[in-house]
Amino acid sequence: MRIVVWVLVGIGALVVVGGVVWPLVQWLFGALLWLVPVALVVGGGIWLARRGRAEKKVDGAPGAPQQLS
């Protein structure tokens, strides 16, 4: 009788995994497919902004006094 109970528990676990966990895992992978490109675009934008700011600092003459405008 114990074997029958364990077999039914195993089948129930497979149903729970198939019905609840598997769609959740698919949703997480779908979210990752959107989050990775968004993170790359945002990171690239930040990198470009910092790079542009660094190039502007190099253009000024070293030691030149700053003027208030």
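Located above this text is the structure these notes cover.
The text that follows walks through the structure, step by step, so that each part is easy to find. (Residues numbered from 1 in each chain as written. Predicted model: local features only at pLDDT ≥ 70, side-chain atom pairs only at ≥ 80, totals over all residues. Heavy atoms only, no water.)

### A word on the overall build of the chain
Then, number 1: What the chain contains, in helices and strands, is one helix and zero strands.
Then, number 2: Within the span of the chain, comprising 69 residues, buried residues form 0% of the whole.
Then, number 3: As presented, the chain carries roughly 6800 Å² of accessible surface, and 75% of it is formed by carbon and sulfur atoms. (Helix = DSSP H or I, 4+ residues; strand = E, 2+ residues; numbered from the N terminus. Buried < 20%, exposed > 50% of the residue type's maximum accessible area, 1.4 Å probe, protein only. Areas by Shrake-Rupley, 256 points an atom, 1.4 Å probe, with all protein chains shown as cover.)

### Details of a nonpolar patch on the surface
Then, number 1: Residues Met1, Ile3, Val4, Val5, Trp6, Val7, Leu8, Val9, Ile11 and Val15 make up a contiguous nonpolar surface patch of about 1100 Å² in total accessible area.
Then, number 2: Structurally, the position occupied by Val5 is in helix α1 (residues 2–59). (Patch = residues over 30% accessible without salt bridge, like charges linked within 9 Å, V, L, I, M, F, W, Y side chains within 5 Å. Salt bridge = Lys/Arg side-chain N within 4 Å of Asp/Glu carboxyl O.)

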